Amino acid sequence: MTDIAQDIPVARPAPPRRSTGVFGWLRANLFNSVFNSILTLIAVALIVVSVPPIVRWALIDAIWRAPNGQACHGGGACWAFIGEKFRFILFGRYPLDEQWRPAAVIFVFAAMIASACFRPLWGRRLAIIWFVGMSAVFLLMAGGLPGMRRVETALWSGLPLTLILAVVGMLFGFPLGVLLALGRRSRLPAVRAICVGYIELVRGVPLITVLFMASLMLPLFLPAGMTIDKLLRAQIAIILFAAAYLAEVVRGGLQAIPKGQVEAADALGLSYFQRTRLIVLPQALAMVIPPLVNSFIGMFKDTSLVIIVSLFDLLGATGFALTDANWQGFAVEAYVFIALIYWAFCFFMSRYSQVLEREFNRGKRR
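These numbers come from a predicted model, not from an experiment. (Residues numbered from 1 in each chain as written. Predicted model: local features only at pLDDT ≥ 70, side-chain atom pairs only at ≥ 80, totals over all residues. Heavy atoms only, no water.)

### Overview of the overall build of the chain
Okay, so step 1: Summing up its helical and strand segments, the chain has 15 helices and zero strands in all.
Okay, so step 2: The C-alpha radius of gyration computed for the chain amounts to 27 Å, which surpasses the reference 21 Å derived for 366 residues by more than 25%, pointing to a less compact arrangement than a globule.
Okay, so step 3: Projected onto its principal axes, the C-alpha positions of the chain cover 100 × 70 × 40 Å.
Okay, so step 4: Within the chain, the fraction of its 366 residues that count as buried is 38%.
Okay, so step 5: Put simply, 69% of the contacts in the chain that link residues at least 6 apart link residues at least 24 apart.
Okay, so step 6: Carbon and sulfur atoms make up 68% of the accessible area of the chain, which totals about 21,900 Å².
Okay, so step 7: Taking the average place of the 33 positive charges on the side chains of the chain and the average place of its 18 negative ones, the gap between the two points comes to 6 Å. (Helix = DSSP H or I, 4+ residues; strand = E, 2+ residues; numbered from the N terminus. Rg over C-alpha atoms; globule rule 2.2 N^0.38 Å. Buried < 20%, exposed > 50% of the residue type's maximum accessible area, 1.4 Å probe, protein only. Contact = heavy atoms within 4.5 Å. Areas by Shrake-Rupley, 256 points an atom, 1.4 Å probe, with all protein chains shown as cover. Lys, Arg positive; Asp, Glu negative; His and termini not counted. Charge placed at Lys NZ, Arg CZ, Asp CG, Glu CD.)

If you want it as structure tokens, here you go:
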């Protein structure tokens, strides 16, 4: 009788109506305690108070077309300023008749980033794509080829300059940071001392100081008549600065590798380079994807500091556009516009890092 009773299916009672659907989600996430309920009500009140005026200023009362700044002052945002200065904000002082070249550079960067997000291309093919892409970037910006007049680096500005400084900084700063992290854990005292000294010295000063050293003090130590391009000096400073911070991030991942992994590699007869390349580094880098991306995002935003050495990146070109006497008083619109550009790039890096994190941690899930 007991076996028969166990075989009879028993209908499960339906869950309470308030524990499922929209009301269930609200109760579980926003009103699950008195404190959270108060915070939710405060947040809703702030949204009700702040969002309608912002929408009215940005969209409803906004001015989209105007001949000059005097005709654009009103109750809403003057997006006519962005329409007038759009090309200058994006391309800065680059010659007007040649601005198709920095526009093409932006598309080349977008294509390279898209290819890097396609995992089947990882390896030699991706390296070739990036080599060709970076070569095209510098050829387009510098010119000198038939049909393209030469443009000095002093005129490179706007979004292409920001992308060049950030992407090249990441491209060369990351492998240098990995080498520094490995050197800091080296058993050779001289190598370890050099790496530790470099990391602590660079991390102990702000990026502005490094840029000043590269732009103003470095030429004082060069032989008479010898000069180094200002953009190249700033780029090297960003690479060296980023490498020091990335080295500490990578070192954290290296320390998290279980000792048994290294012992197993030694037992298999792998050399130091094989063990590091095939076993240690892949696991270490997979563990530190969030802080790595955080460093990349910080580096992308810190490129705006090159304005102090007279390089006009996206932020610098925007500030220069605001000096036009015919378009005064529209700093809010300008900075909102470039803030959206910065946010788009940073949000993309953040979201893609989450995708990579899930991919690399898939084997660890139970």
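### Quick notes on the pattern of salt bridges
Okay, so step 1: Throughout the structure, instances matching the rule amount to nine salt bridges.
Okay, so step 2: Here glutamate 98 and arginine 101 are joined by a salt bridge, their closest N and O atoms 2.9 Å apart.
Okay, so step 3: Judged by relative accessible area, which is 9%, glutamate 98 ranks as buried.
Okay, so step 4: According to the relative accessible area criterion, arginine 101 is buried, its value standing at 0%.
Okay, so step 5: With a closest N to O distance of 3.9 Å, glutamate 200 and arginine 203 form a salt bridge. Within this pair, glutamate 200 and its partner arginine 203 are both found in helix α8 (residues 189-203), separated by three residues, close to a single helical turn.
Okay, so step 6: Of the residues examined, glutamate 200 reaches a relative accessible area of 38% and is grouped as partly exposed. (Salt bridge = Lys/Arg side-chain N within 4 Å of Asp/Glu carboxyl O.)

### Some remarks on unusual backbone geometry
Okay, so step 1: Within the chain, serine 310 stands out as a residue other than glycine whose phi angle is a positive 65°.
Okay, so step 2: Its location among the elements puts serine 310 in the loop between α13 (289-302) and α14 (314-321).
Okay, so step 3: Looking at serine 310, the relative accessible area reads 42%, which means it is partly exposed.

### Re the state of the cysteines
Okay, so step 1: Under the criterion given, the structure shown has one disulfide.
Okay, so step 2: Between cysteine 72 and cysteine 78 runs a disulfide, and the two sulfur atoms are separated by 1.6 Å. Handedness here is read from the sign of the S-S torsion; for cysteine 72 and cysteine 78, about 115°, the answer is right-handed. The same class applies to cysteine 72 as to cysteine 78, namely buried.
Okay, so step 3: Unpaired in this structure, cysteine 117 has its nearest cysteine sulfur neighbour in cysteine 346, at a distance of 15 Å. (Disulfide = S-S within 2.5 Å.)

### Quick notes on the domain arrangement of the chain
Okay, so step 1: Taken domain by domain, the chain holds domain 1 (19-55) and domain 2 (159-311).
Okay, so step 2: Centre-to-centre, using C-alpha coordinates, domain 1 lies 43 Å away from domain 2. (Domains from an automatic or database assignment.)

### Thoughts on the side chain of threonine 303
Okay, so step 1: Along the chain, threonine 303 falls in the loop between α13 and α14.
Okay, so step 2: Once residues lying within four places of it in the same chain are set aside, the contact partners of threonine 303 are Thr162, Leu165, Ala166, Ile238 and Asp313.

### Focus: the environment of valine 137
Okay, so step 1: Checked against the element boundaries, valine 137 lands in helix α6 (residues 124-142).
Okay, so step 2: Exposure remark for valine 137: the relative accessible area of 0% places this residue in the buried category.
Okay, so step 3: In sequence terms valine 137 and arginine 233 are 96 residues apart; their C-alpha atoms lie 18 Å from each other.
Okay, so step 4: Not counting chain neighbours up to four residues away, the residues in contact with valine 137 comprise Val105, Val108, Phe109, Met112 and Ile164.

### Considering the packing of aromatic side chains
Okay, so step 1: Within the structure shown, the criterion is met by 16 aromatic pairs.
Okay, so step 2: Look at phenylalanine 300 and phenylalanine 345: their rings are 5.3 Å apart centre to centre, the planes differ by 40°, and that puts the pair in the tilted class. With phenylalanine 300 in helix α13 and phenylalanine 345 in helix α15 (residues 331-360), this residue pair connects regions lying 45 residues apart in the sequence.
Okay, so step 3: The ring of tryptophan 122 has arginine 119 lying over it, and the distance from NZ or CZ to the ring centre is 5.0 Å.
Okay, so step 4: In this structure, arginine 203 packs its charged tip against the face of tyrosine 245, placed 5.7 Å from the ring centre. (Phe/Tyr/Trp six-rings, centres within 6.5 Å; stacked < 30°, edge-to-face > 60°. Lys NZ or Arg CZ within 6 Å of the ring centre and 35° of its normal.)

### Comments concerning the packing of helix α7 (residues 159-184) against α13
Okay, so step 1: Look at α7 against α13: their axes get within 9 Å of each other, and the N-to-C directions meet at 145°. With respect to the hand of their crossing, α7 and α13 are arranged in right-handed fashion. Contacts from Thr162, Leu163, Ala166, Gly169, Met170 and Phe174 in α7 reach Leu292, Phe296, Met299 and Phe300 in α13.
Okay, so step 2: Tallied by class, the residues present in the contact of α7 with α13 amount to eight nonpolar, two polar and no charged. (Axes fitted to C-alpha atoms, helices over the stretch in contact; angles between N-to-C directions. Left-handed = near helix turned anticlockwise from the far one by under 90°. Nonpolar A, V, L, I, M, F, W, Y, C, P; charged D, E, K, R; others polar.)

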